[in-house]
Amino acid sequence: MNSNTSPFISIVIPVYNEEENVKLLSERISEAMSDFNYELILVDDGSTDRTRSNIKVIDNPHLILVGLKKNYGQSLALAAGIDLAKGDYIVTLDGDLQNDPRDIPMMIERIQKGDFDVVTGIRHKRKDKFLKTIPSKVANFMVRKATKMNIKDNGCALKVFNKETAKELNLYGEMHRFINLLAFLNGARI
Ligand code: UDP
Ligand code: MG
């Protein structure tokens, strides 16, 4: 890819007690993003295990560590990372290896066409237990019925935003569960 025309990408990942995952996560991102100009912002949300020290020894020039003083929760951790992000496009995903970074390039390619503000992942085969998938299927159904937003799965953390849309989200509390809806209500095309 031509570095003069290629966009700068910010990847924002909140991590809380992911000591076993951060190194592999960084490696998988490096592999998937080798054709891009990007920064990888890992927001350590006050982990109590070795997440932070494990991140500090990762050898990845794209990596920026944001260390929060205590555990603020996924929404505020994401918000802190999005605040710092300098990219033209901002990618979010979870740090527990449940999202595959190899999906990112095609999502960037899609959003670059300019007719969408958010490109969201859907979990084709969810790596979660029934007790988690059923309430979220019910929630997805209710959102589909209550709004004109017709998205199959609103619980997938892997998303690509244009920077304006990401920075307008104002995440707090449990709002990370409703990012598609927040963006949709702000007028985003998803
Ligand atoms: N996470 C965080 N702060 C928290 C809880 C979770 O930053 O207080 C991170 C976690 O490390 C992971 C992402 O948010 O990278 C999603 O968390 P989890 O996998 O627990 O959520 P689920 O997949 O159950 O929705
Ligand atoms: Mg998870």
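What comes next concerns the included structure. (Residues numbered from 1 in each chain as written. Chains lettered and ligands numbered in written order. Predicted model: local features only at pLDDT ≥ 70, side-chain atom pairs only at ≥ 80, totals over all residues. Heavy atoms only, no water.)

## Some words on the overall build of the protein chain
Along its length, the protein chain carries seven helices and six strands. If you list the helices and strands of the protein chain from N to C, you get β-α-β-α-β-α-β-α-β-α-β-α-α. The C-alpha radius of gyration of the protein chain comes to 16 Å, within 12% of the 16 Å expected for a compact globule of 190 residues. Based on the C-alpha atoms only, the size of the protein chain along its principal axes is roughly 45 × 40 × 30 Å. Put simply, the protein chain has 190 residues, and 45% of those count as buried. Within the protein chain, contacts between residues separated by at least 24 positions form 74% of all contacts whose residues are at least 6 apart in sequence. Considering the protein chain, the positive charge centre built from 27 side chains and the negative charge centre built from 25 side chains are found 6 Å apart. (Helix = DSSP H or I, 4+ residues; strand = E, 2+ residues; numbered from the N terminus. Rg over C-alpha atoms; globule rule 2.2 N^0.38 Å. Buried < 20%, exposed > 50% of the residue type's maximum accessible area, 1.4 Å probe, protein only. Contact = heavy atoms within 4.5 Å. Lys, Arg positive; Asp, Glu negative; His and termini not counted. Charge placed at Lys NZ, Arg CZ, Asp CG, Glu CD.)

## Some thoughts on the environment of Phe-161
By the element assignment, Phe-161 lies in strand E6 (residues 159-162). It is 8.8 Å that separates the C-alpha atoms of Phe-161 and Asp-88, two residues lying 73 residues apart in sequence. In this structure Phe-161 touches Asp-88, Tyr-89, Ile-90, Thr-92, Ile-111, Asp-117, Val-118, Ala-166, Leu-169 and Ile-179, once residues within four positions along its chain are discounted.

## What about the site of ligand 1?
Taken together, 13 residues lie near ligand 1, and Glu-18, Asp-45, Gly-95, Asp-96 and Lys-132 sit nearest. In the environment of ligand 1, an oxygen atom lies 2.8 Å from a nitrogen or oxygen atom belonging to the backbone of Tyr-16. Taking Asp-45, its side chain carries an N or O atom lying 2.6 Å from a nitrogen atom of ligand 1. Its residues assigned to classes, the shell around ligand 1 comprises three nonpolar, five polar and five charged. (Near = heavy atom within 4 Å. Polar contact = N/O pair within 3.5 Å; in protein donor to acceptor, adjacent residues only side chain to side chain. Nonpolar A, V, L, I, M, F, W, Y, C, P; charged D, E, K, R; others polar.)

## Overview of the sheet that holds E6
In any sheet, the strands associate via hydrogen bonds between backbone groups, in a parallel or an antiparallel arrangement. As summarised here, the arrangement of the six strands in space is E3-E2-E1-E4-E6-E5, forming an open sheet in which the pairing is mixed. Only two strands of the sheet have a single neighbouring strand rather than two, namely strand E3 (63-67) and strand E5 (118-120). Within the sheet, the average angular offset between the axes of one strand and its neighbour, ignoring direction, is 20°. For strand E2 (residues 37-44) and E3, the ladder comprises five bridges, and the chain directions are parallel. (Pairing = 2+ DSSP bridges. Axes fitted to C-alpha atoms, helices over the stretch in contact; angles between N-to-C directions.)

## Remarks on the side chain of Lys-159
Mapped onto the fold, Lys-159 is located in strand E6. Of the buried charged residues, Lys-159 lacks a salt bridge, with Asp-153 as the closest side chain of opposite charge at 7.7 Å. Setting aside residues no more than four positions away along its own chain, Lys-159 makes contact with Ile-90, Val-91, Thr-92, Met-107, Val-119, Thr-120, Asn-154, Ile-179 and Asn-180. (Salt bridge = Lys/Arg side-chain N within 4 Å of Asp/Glu carboxyl O.)

## A short note on the pattern of salt bridges
Tallying each qualifying case throughout the model produces seven salt bridges. For Lys-23, the salt bridge is made with Glu-27, and the minimal N-O distance between the two is 3.1 Å. Linking Lys-23 with Glu-27, this pair stays in helix H1 (residues 22-32), spanning four residues, or about one helical turn. A residue is classified by how much of its surface remains accessible, and Lys-23, at 54% relative accessible area, is exposed. In this structure Glu-27 comes out as partly exposed when scored by relative accessible area, which is 35%. Here Arg-123 makes a salt bridge to Asp-153, at a shortest N to O gap of 2.7 Å.

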